[in-house]
Amino acid sequence: MSMQGARPASPAPTQPRPLSVTTERLLRLAPVGKSEILAGIAADFDRLAAAAGITTRLRLCHLLAQAAHETDRFRTLEEYGGPAYFARYDGRRDLGNTKAGDGARYHGRGIFQLTGRANYRRYGALIGLDLESSPERAKEPAVSLAIAFAYWRDRGCNTAADADDIVAVTRLINGGRNGLAQRRQLLALAKTIWV
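Below, the structure is looked at part by part. Everything numeric in this text was worked out from a predicted model, so none of it was measured. (Residues numbered from 1 in each chain as written. Predicted model: local features only at pLDDT ≥ 70, side-chain atom pairs only at ≥ 80, totals over all residues. Heavy atoms only, no water.)

## Things to note about the overall build of the protein
Here comes step 1: If you tally the helices and strands in the protein, you get ten helices and zero strands.
Here comes step 2: Secondary structure elements of the protein occur, N-terminal to C-terminal, as α-α-α-α-α-α-α-α-α-α.
Here comes step 3: Once local pairs closer than 6 in sequence are excluded, the contacts in the protein between residues at least 24 apart make up 58%.
Here comes step 4: Taken as a whole, the protein presents about 10,000 Å² of accessible surface, with 54% of it coming from carbon and sulfur.
Here comes step 5: Taken together, the 28 basic and 19 acidic charged side chains of the protein have centroids lying 4 Å from each other. (Helix = DSSP H or I, 4+ residues; strand = E, 2+ residues; numbered from the N terminus. Contact = heavy atoms within 4.5 Å. Areas by Shrake-Rupley, 256 points an atom, 1.4 Å probe, with all protein chains shown as cover. Lys, Arg positive; Asp, Glu negative; His and termini not counted. Charge placed at Lys NZ, Arg CZ, Asp CG, Glu CD.)

Here you go:
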């Protein structure tokens, strides 16, 4: 038998692991998401997830539903508004905003819309970056993802996610029940993608 002209068999395409976060899967969750945000999140998600305890389907789905809501379905990593809107954060000692202009300087950025000088200082320290001096870095996809995982772990979100309690997860992420109906829809959709 001659092997001349025979081609080696092509390897079968690899399927992503069930809990793997890929750009394609994120697009199914948020078809309107910006490609650079989706790709930036997908690039490091699987590598960083375990350190935050994102090791189950429920945890993953809850985190991504919250992230999709907070980012307007991955269209932005920066809170909408301008200086006049962000002024509502000025003088908010609960956020560590004690200097004039802190509201605008430390407005919401990142996957979970990190807000306030104190949070920029705290979560910057947790991920090893001086976000207080460079708050703009919080909207870089890779930095934003690291902050989100640190925040998720620090706030103890896994317990609420394990109980499949979207109200509790929403309170931990956002402080209230803001956007709860959309968060529920996104969670239901996430559960159909990460099976």
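Text resumes after the structure shown.
## Structural notes on the pattern of salt bridges
Here comes step 1: A full pass over the atoms with the stated rule returns 16 salt bridges.
Here comes step 2: Ionic pairing is found between Glu 78 and Lys 139, a salt bridge with its closest N-O pair at 3.0 Å. Separated by 61 residues along the polypeptide, Glu 78 in the loop between helix H3 (57-70) and helix H4 (83-86) and Lys 139 in the loop between helix H6 (117-127) and helix H7 (141-154) bring together distant segments of the chain.
Here comes step 3: Take Glu 78: its relative accessible area is 21%, and that puts it in the partly exposed class.
Here comes step 4: Taking relative accessible area as the criterion, Lys 139 reaches 30% and is therefore assigned partly exposed.
Here comes step 5: With a closest N to O distance of 2.8 Å, Glu 132 and Arg 117 form a salt bridge. Highlighted residues: Glu 132 in the loop between H6 and H7 and Arg 117 in helix H6, separated in sequence by 15 residues. No difference in accessibility class separates Glu 132 from Arg 117, as the two residues are buried.
Here comes step 6: Taken together, the salt bridges that share partners define one network made up of Glu 78, Arg 109, Glu 136 and Lys 139. (Salt bridge = Lys/Arg side-chain N within 4 Å of Asp/Glu carboxyl O. Buried < 20%, exposed > 50% of the residue type's maximum accessible area, 1.4 Å probe, protein only.)

## What to know about the packing of H3 against helix H9 (residues 166-174)
Here comes step 1: Where H3 contacts H9, the axes come no closer than 11 Å and their chain directions differ by 50°. Considered as vectors, H3 and H9 are oriented oblique to each other. In the crossing of H3 with H9, the sense of the turn from one axis to the other is right-handed. On the side of H3, the interface is formed by His 62, Gln 66 and Glu 70, while H9 contributes Ile 166, Val 169, Thr 170, Ile 173 and Asn 174. (Axes fitted to C-alpha atoms, helices over the stretch in contact; angles between N-to-C directions. Parallel < 35°, antiparallel > 145°, perpendicular 65-115°, else oblique. Left-handed = near helix turned anticlockwise from the far one by under 90°.)

## Remarks on H9
Here comes step 1: For H9, the complete set of buried residues consists of Ile 166, Val 167, Val 169, Thr 170 and Ile 173. An end-on view of H9 places all buried positions within 160° of arc, on one side of the element.
Here comes step 2: Looking at the buried positions of H9, the neighbouring elements they touch are H3, H7, helix H8 (157-162) and helix H10 (180-193).
Here comes step 3: Sitting at the head of H9, Asp 165 places a side-chain oxygen 3.2 Å from the backbone nitrogen of Val 167.
Here comes step 4: Gly 175 sits one or two residues past H9 and shows a positive phi near 90°. (Arc of directions from axis to C-beta. Polar contact = N/O pair within 3.5 Å; in protein donor to acceptor, adjacent residues only side chain to side chain.)

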